[in-house]
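Fold and geometry: a report
Chain by chain, the residues:
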Amino acid sequence: MNRRIVLSVEALDPQLTGIGRYVWELARRLPLQPGVASVRYERNSVWIPDPAQLLVDPRYPRFPKPVRWVRKRMTPLRHWYSASIMRRSVCHGPNFFLPRLAEAGVVTIHDLSVFRFPETHPADRRAFYDRHFQDTLRRVSHVITDSETTRLEVIDTLSVDPANVTAVPLGVDPVFHPHGDDTLAPLLAPLGLHPGGYALCVSTIEPRKRIAELVRAWRILPPAVRARWPLVLAGSSGWLSEAILADMVEAQREGWLRYISYVDEAALPALYAGAGLFVYPSIYEGFGLPPVEAMASGVPVVVANASCLPEVTGGAAMLTEPDDIAGFALRIEQALTDAPWRASARSKGLEVASGYNWDRCAAATVEVYRGMPG
């Protein structure tokens, strides 16, 4: 039976986060999947003709003032029309919440950090979850998670029937792959970097990502190690980041840290592939896309021994306890200097990363749709 799909695309934005990447990959792949009759895109009760435009203009579609006036006057009729479409479709909220006008559907719960680590989220975000998340749970027919670890957590924490929760792993774009030094050198030169001459962490700067602990661990590495492999941090600042950013400024003055607040999509594959090591000390994730992208790029990886990261990295990454600063520093030094481990980590990482595919993610998502009533 071919299904009509309504996909919510609130997470699409010119600066894609991990969830935004997930939504975009679904948005462009679902129409091509067998068993899908049509896909319509919704954002805050507005139909989006072309979701790709949201990657350029977050306010798309921009209605002229007279049209906005007419639309406002016709809001009840528009909502009735939208709700009627949703009743005949499988509605998917890929970013924690069902569309407001959907009576039932599928929701993707990427993690439970807002409940497990509420102190790491802004007050307005916590309040939004308090007001609306239970309403989504009452309406939802099936939950998708990014990993089996999160699936079990959702079942246990939210008391959801296990039969109604499916783990669908994310994918890795083919642009993330190993590059030769000759290819990388001119791509990294504008950033003042050279192949193999730095370690990398791509992450939002916020407490649960343990960036402060990463900086502290790097500070106590032997000076020769710090000099050979300065730490590059790439990512926007998040909640409660002021103290972390101040420490990073000091580290930049000392010459062994480089902070890039946002990396253009086109530059990211080279930044990954040129790293001598990728470090991801986050203590809580629903999947953890950056370490998988690093493994696909042929880079050895160190991750926190926490949440789903051991599952997702599949034995290819070195595990560490980021809150043990001395132990964390020792693991980093080993990962940078132990040649046999590094060769093994590259090989295993490429093998594990090859198992994550966005087409496979889209196909598994459609399998969930097929199991929906109606």
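Described in the following lines is the structure provided in the data block.

The rules behind each value
- Residues numbered from 1 in each chain as written.
- Predicted model: local features only at pLDDT ≥ 70, side-chain atom pairs only at ≥ 80, totals over all residues.
- Heavy atoms only, no water.
- Pairing = 2+ DSSP bridges.
- Helix = DSSP H or I, 4+ residues; strand = E, 2+ residues; numbered from the N terminus.
- Contact = heavy atoms within 4.5 Å.
- Axes fitted to C-alpha atoms, helices over the stretch in contact; angles between N-to-C directions.
- Parallel < 35°, antiparallel > 145°, perpendicular 65-115°, else oblique.
- Nonpolar A, V, L, I, M, F, W, Y, C, P; charged D, E, K, R; others polar.
- Buried < 20%, exposed > 50% of the residue type's maximum accessible area, 1.4 Å probe, protein only.
- Phe/Tyr/Trp six-rings, centres within 6.5 Å; stacked < 30°, edge-to-face > 60°.
- Lys NZ or Arg CZ within 6 Å of the ring centre and 35° of its normal.
- Salt bridge = Lys/Arg side-chain N within 4 Å of Asp/Glu carboxyl O.
- Disulfide = S-S within 2.5 Å.

Our next topic: the sheet that holds strand β1 (residues 3–8). In space, the seven strands of this open sheet follow the order β3-β2-β1-β4-β5-β6-β7, with mixed pairing throughout. The strands lining the two open edges of the sheet, one partner per strand, are β3 (46–47) and β7 (165–167). The sheet contact formed by strand β4 (residues 90–93) and strand β5 (residues 105–108) spans two bridges and is parallel. Within β5, the position partnered with Gly 93 by the bridge is Val 107. Each of β1, β2 (36–43), β4, β5, β6 (140–145) and β7 touches helix α16 (residues 358–370); the most contacted strand, β1, lies at about 115° to it.

As a packed pair, helix α1 (residues 18–29) and α16 sit with axes 10 Å apart at the nearest point and diverge in direction by 75°. The angle between α1 and α16 falls in the class roughly perpendicular. In contact with Arg 21, Tyr 22, Glu 25, Leu 26 and Arg 29 of α1, α16 contributes Trp 358, Asp 359, Cys 361, Ala 362 and Thr 365.

This paragraph deals with the packing of helix α14 (residues 325–337) against helix α15 (residues 339–353). Direction vectors running N to C along α14 and α15 enclose 80°, while the axes themselves pass 6 Å from each other. As the angle between them shows, α14 and α15 are arranged roughly perpendicular. Contacts from Ala 335, Leu 336 and Thr 337 in α14 reach Ala 339, Trp 341 and Arg 342 in α15. Its residues assigned to classes, the contact of α14 with α15 shows four nonpolar, one polar and one charged.

With that settled, the discussion passes to the pairing of strand β9 (residues 231–234). Going residue by residue along β9, you find Leu 231 and Leu 233 tucked away on one face and Val 232 and Ala 234 tucked away on the opposite face as well. As paired elements, strand β8 (residues 199–202) and β9 share four bridges and run parallel to each other. Residue pairing for β9: Cys 201 is matched across the bridge by Leu 233. In this structure, β9 lies alongside strand β10 (residues 257–260), joined through four bridges in parallel fashion. Considered in β10, the bridge of Val 232 is made with Arg 258.

Right, let's talk about the packing of aromatic side chains for a bit. Scanning the entire structure with this criterion turns up 12 aromatic pairs. Both rings, one in Phe 176 and one in Tyr 272, keep their centres 5.3 Å apart while their planes meet at 85°; by these two values the pair is edge-to-face. Of the two residues, Phe 176 sits in the loop between β7 and α7 (181–188) while Tyr 272 sits in helix α11 (residues 268–273), which places them 96 residues apart along the sequence. Each member of the pair, Phe 176 as well as Tyr 272, carries the same accessibility label: buried. When the centroid spacing of 5.6 Å and the interplanar angle of 40° are considered together, the rings of Tyr 272 and Phe 278 count as tilted. Across the pair, exposure class does not vary: Tyr 272 and Phe 278 are buried alike. Its end group placed over the ring of Trp 47, Arg 40 keeps NZ or CZ at 4.5 Å from the ring centre.

This part is about the pattern of salt bridges. The tally for this structure, following the rule as stated, stands at 20 salt bridges. For the salt bridge of Asp 135 with Arg 138, the shortest nitrogen-to-oxygen distance reads 3.9 Å. Of this pair, Asp 135 and Arg 138 both sit in helix α5 (residues 123–139), three residues apart, which is roughly one turn of that helix. Looking at Arg 138, the relative accessible area reads 63%, which means it is exposed. Taking the shortest distance from any N to any O, the salt bridge between Arg 210 and Glu 213 comes out at 4.0 Å. Exposure class is identical for Arg 210 and Glu 213. Each is buried. Connected through shared salt-bridge partners, Arg 21, Glu 25, Arg 28, Arg 29, Asp 173, Glu 265 and Asp 359 make up one network.

Turning our eyes to something else, we now look at the sheet that holds β10. With parallel pairing, six strands are arranged side by side in an open sheet as β10-β9-β8-β11-β12-β13. Edge positions in the sheet fall to β10 and β13 (318–320), since each has one partner strand and no second. Between one strand axis and the next, the sheet turns through 20° on average, direction left out of account. The pairing of strand β12 (residues 301–304) with β13 spans three bridges and is parallel. Looking at the pairing, Val 302 lines up with Met 318 of β13. Sheet strands in contact with helix α8 (residues 211–219) are β8, β9, β10 and β11 (277–280), and its direction is about 170° off that of β9.

Let us look at the environment of Thr 204. Relative to the helices and strands, Thr 204 is located in the loop between β8 and α8. Of the residues examined, Thr 204 reaches a relative accessible area of 28% and is grouped as partly exposed. Taking the C-alpha atoms as reference, Thr 204 lies 39 Å from Asn 2; in sequence the two are 202 residues apart.

Turning our eyes to something else, we now look at the state of the cysteines. Within this structure, the stated rule accounts for zero disulfides. Cys 201 takes part in no disulfide bond, and the closest cysteine sulfur, belonging to Cys 308, lies 15 Å away. Note on Cys 201: relative accessible area 1%, which makes it buried.

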